[in-house]
Structures are given as C-alpha cells and as structure tokens.
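Residue-level listing of the chains:
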Amino acid sequence: MEGINKNRLFLASCLALITTAMTFAIRARLETVFGPEGIGLTLEQIGYAFAPAFFGFTIAMIIGGPLVDLLGIKKITWMAFITHAVGIVLTLMADSMTSLFIATLFVGIGNGFVEAALNPLVASMYPDQKTKMLNRFHVWFPGGIVIGALLGWLIMDVLGLSWQIMVCTLFIPLVIYGVLFFGQNMPVTERVQLGISNKQMFASVLKPLFLFMVFCMFLTAASELGTTQRIESLLKESVIAPLLVLAFINGIMALGRLFAGQVVHKLKPAGMLLYSAIFTFIGLWLLTITSGGMTFVAAAVFAIGVTFFWPTMLGFVAEYLPETGALGLSIMGGAGMFSVSIVLPIMGRLMDDANAGEALRTMSILPAILIVAFLGLNVYMKNRSKASTV
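Our subject in this report is the structure included herewith. Just so it is clear, the model here is predicted, and its values are computed rather than measured.

### Focus on the overall build of the protein chain
Thought 1: Of regular secondary structure, the protein chain possesses 20 helices and zero strands.
Thought 2: Relative to the compact-globule value of 21 Å for 390 residues, the protein chain shows a C-alpha radius of gyration of 20 Å, a close match.
Thought 3: Reported as C-alpha extents along the three principal axes, the dimensions of the protein chain are approximately 60 × 45 × 30 Å.
Thought 4: Within the protein chain, buried positions represent 59% of all 390 residues.
Thought 5: Put simply, of all contacts in the protein chain between residues at least 6 apart along the chain, 84% involve residues at least 24 apart.
Thought 6: Of the roughly 14,900 Å² of accessible surface on the protein chain, 70% is carried by carbon and sulfur atoms.
Thought 7: Taking the average place of the 22 positive charges on the side chains of the protein chain and the average place of its 18 negative ones, the gap between the two points comes to 12 Å.

Take a look at the structure:
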C-alpha cells in the first residue's frame, strides 16, 4: 500500500456514499412533489419513475464489477462522479414521468459505480478487517439518508423553499469527493493481488453458496430499501412528518454500523443476518398497527433489523468467497438494487388499490423467508467450521 493515502481515500469513499444516500432521501421527498398532490403522477407511475435508481444501479454494478479489475478502481470512480453530476442536473430539469425516469436512471448508474468501485477499494485497503470496515464504510449510507432527510424536511417543510434547492444540496458532497479523489493513487483489487484468474472468478460466482447469498440479497435489499424509499406514502397516515421517521431509522442504522466490529466478533456474519431478519419481520408488522409516537418504536425495531443487512451480506462474500472478487461484490449489490426496482411499482399498486398497511404486510413476507434461509446458513457455517478443524 506504499504511496496510497488510505485515510484520504476512505474519507472520499464515505463522501461518495453520502452523495448516493442523499439521493435516496431526496427522492423519497420528491414523491409528494411529482405524486397525485403535485404534478399528478399516480403512486404506481412514481414507482416506475423511481425504478431506474435501482436497475440503473444494477446495470452499473454488473458492468462496473468486471471493469474494476480491467480498468482499475480510479476510472470507475470518475465514471461515478460524471454520471452523478449528469443525473443531478437532469433531476433539476425534470417535469414529467419520462424526464424523471431518465434523470433517476443517471443517478442510479452513478450510485452503482460508487459501489462497484469503492466496495473493492475498502476490501483491498483493509484485507484483515473486511466485514468491520465495510460496515464502517456503509455507516454513511444511513448517515447520508439522515442528512438528506433532514435537509429535505428543513428546506421544504420548515422553510418552504423549492424542491430544486433541496436537490442542489447534492452538489456539496459530490464536489468534495471529487476533490479528495483527484490525483490519488489507488490499490489494485484484492482478486488481482491474490493472482486469481478470470476463469476462476467466473467459476466461483456459480458456486451454490454464492448463488444462495444472491437469492438472499434480493430479499434483504427489498426489505430495507423498498420500505424506506416509499416511506412518505407508507406512513403519511400514521405520522405528520414521515421524513423524520426515515431520519430516525437511518440514525439508528448509522450508529449500529459504527459499532459493527463488536457485533461481528460475537455473532459472526451468519448470526448477524439471522437476528437482522427476525427484527426486520417484527418491525414491519409493528408498522402496520402503530401510529403517532408509537410509529417511532416500530421504526426502531425495523431499523435494528435492517442495520447490518447490506454491509454484512457484502462482508460475508468478501470474507468467505474472496475468489469472486469485485465481480462477486457487484453481483450482490446489483441483485439487491434490481429487486428494489421490482418491488417499488408493486408497492405502489398495493397502495393505490388497497392501503399502506397491506403493502407493509406483504413486505413482511420477505424477512419471514429470510429467517428460514439464515437459520439454514448458520447450520451450514457451523458444520463447515467443524469440518475445517477436523
């Protein structure tokens, strides 16, 4: 790691993730701007317009994963910067479902390139602390959502300013992370360091354990991001300011990820995932039966559940399937975001045709499946550990 400023690169990575996360919170606030009470799109149309944030992310992850090894982390990072900038400008110009769709697509691609480049960067810089440092890096996804949610609430709900001013705040972390990355040397990916061939890498992503984790990623990401992305519509009848609930959830998530090292030490990744699924299931059910102040109690249970989902899924793959390389991490992230792009319109249809409670009850099926899946994973990992010590 000679000639590589790890502290500066990690800080820049966190700011890039803050930019990504702020787009999620600000997009959640834009739901009312473009929805039935604003421009006039239905909740289902909003779901389709927001979907590119997730399948655009998936496209960037799947393309960016192999390219990280081929072109290097630095080039993919600058591709993230450029597409982020274009997406923000196009969002400011959006005035219809089509223009919002295109703007959201560019933002989603930028977000995907951030994850495609910077998850391998963190794993490469901290090879002996992967799950811990990936959790610490991903502190700034919920952290950035808190920042974006509070800014959206302050700018639009308190000060009564335009939504365009809210969107312009995205330029602040964008410019800072661009400056911090500028001129810096970056390490090669861990797969390149280990000398694992492309053939080995592609073969490794077909292993049953990896495919199982991809399946679980579909469900963990949809449980977390499908719910939080549509928080405005889901909770508008339960609380006065749903964005404050979003900030509350993500504040808990940020604190949890900050202290993930101790949790990893006690539970191991598979144990963390099982407890996360249990709390997520309980939290979603509580959100269907609470209102007012009690909504925050339900939201806290849900937050405890989803806190470790995303980074621990990535950490598990980086730790136990390192031969999958940047491609493996990209497939995981891409699968997660693609699942959310599918879930958003479905949730919109449920809310249009029924109500928010029905949408939340339907979403709770996903962590219920995960409880069973992660019980099996814990048994498998324990047997694998015993076999390796014999």
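### Side note on helix 19 (residues 356–363)
Thought 1: Listed in full, the buried residues belonging to helix 19 are Ala356, Gly357, Ala359, Leu360 and Met363. Axial view of helix 19: buried residues confined to an arc of 160°, hence all on one face.

### Here we look at the pattern of salt bridges
Thought 1: All chains considered together, the criterion is met by five salt bridges.
Thought 2: In this structure, the salt-bridge partner of arginine 257 is glutamate 224, at a minimum N-O distance of 4.0 Å. Of this pair, arginine 257 sits in helix 14 (residues 242–258) while glutamate 224 sits in helix 12 (residues 208–229), and the two are 33 residues apart along the sequence.

### Some thoughts on the packing of helix 1 (residues 6–34) against helix 5 (residues 97–125)
Thought 1: At their nearest, the axes of helix 1 and helix 5 sit 10 Å apart, and the two run at 155° to each other. Here helix 1 is positioned roughly antiparallel relative to helix 5, judged by the angle of their axes. Pair helix 1 / helix 5 crosses with left-handed handedness. On helix 5, the residues that touch Lys6, Leu9, Phe10, Ser13, Ala16, Leu17, Thr20, Thr23, Phe24, Arg27 and Phe34 of helix 1 are Leu100, Thr104, Val107, Asn111, Val114, Glu115, Leu118, Leu121, Val122 and Met125.

### Structural notes on the packing of aromatic side chains
Thought 1: Scanning the entire structure with this criterion turns up 14 aromatic pairs.
Thought 2: Taking 5.5 Å as the distance between ring centres and 70° as the angle between the ring planes, the aromatic pair formed by phenylalanine 24 and phenylalanine 54 counts as edge-to-face. On the criterion of sequence distance, the pair formed by phenylalanine 24 in helix 1 and phenylalanine 54 in helix 3 (residues 52–71) is long-range, its members being 30 residues apart.
Thought 3: Three or more aromatic residues joined by ring pairs form one cluster here, namely Trp78, Phe81, Tyr177, Phe181 and Phe182.
Thought 4: Here the guanidinium or amino end of arginine 27 rests over the ring plane of phenylalanine 24, the centre of that ring lying 5.1 Å away.

### Looking at the side chain of threonine 58
Thought 1: Structurally, threonine 58 is set in helix 3.
Thought 2: By relative accessible area, which is 11% here, threonine 58 ends up buried.
Thought 3: In terms of polar contacts, threonine 58 uses its side chain to reach the backbone carbonyl oxygen of glycine 334, at 2.7 Å.
Thought 4: Excluding residues within four positions of it along the chain, threonine 58 makes contact with Gly334, Met337 and Phe338.

### What about the nonpolar core?
Thought 1: The biggest cluster of nonpolar side chains holds 125 residues, and the ones touching the most others in it are Phe34, Phe181, Met332, Phe374 and Leu377.
Thought 2: Each residue touching methionine 332, except ones within four places of it in the same chain, is listed here: Phe210, Met213, Val214, Met217, Met313, Leu314 and Val317.

### A short note on the packing of helix 2 (residues 43–50) against helix 3
Thought 1: For the pair helix 2 and helix 3, the least separation of the axes is 5 Å and the interaxial angle reads 20°. With respect to helix 3, the element helix 2 is oriented roughly parallel. Packed against helix 2, whose contacting residues are Tyr48, Ala49 and Phe50, the element helix 3 presents Pro52, Ala53 and Phe54 at the interface.

Rules and cut-offs
- Residues numbered from 1 in each chain as written.
- Predicted model: local features only at pLDDT ≥ 70, side-chain atom pairs only at ≥ 80, totals over all residues.
- Heavy atoms only, no water.
- Helix = DSSP H or I, 4+ residues; strand = E, 2+ residues; numbered from the N terminus.
- Rg over C-alpha atoms; globule rule 2.2 N^0.38 Å.
- Buried < 20%, exposed > 50% of the residue type's maximum accessible area, 1.4 Å probe, protein only.
- Contact = heavy atoms within 4.5 Å.
- Areas by Shrake-Rupley, 256 points an atom, 1.4 Å probe, with all protein chains shown as cover.
- Lys, Arg positive; Asp, Glu negative; His and termini not counted.
- Charge placed at Lys NZ, Arg CZ, Asp CG, Glu CD.
- Arc of directions from axis to C-beta.
- Salt bridge = Lys/Arg side-chain N within 4 Å of Asp/Glu carboxyl O.
- Axes fitted to C-alpha atoms, helices over the stretch in contact; angles between N-to-C directions.
- Parallel < 35°, antiparallel > 145°, perpendicular 65-115°, else oblique.
- Left-handed = near helix turned anticlockwise from the far one by under 90°.
- Phe/Tyr/Trp six-rings, centres within 6.5 Å; stacked < 30°, edge-to-face > 60°.
- Lys NZ or Arg CZ within 6 Å of the ring centre and 35° of its normal.
- Polar contact = N/O pair within 3.5 Å; in protein donor to acceptor, adjacent residues only side chain to side chain.
- Core = buried A, V, L, I, M, F, W, Y, C linked by side-chain atoms within 4.5 Å.

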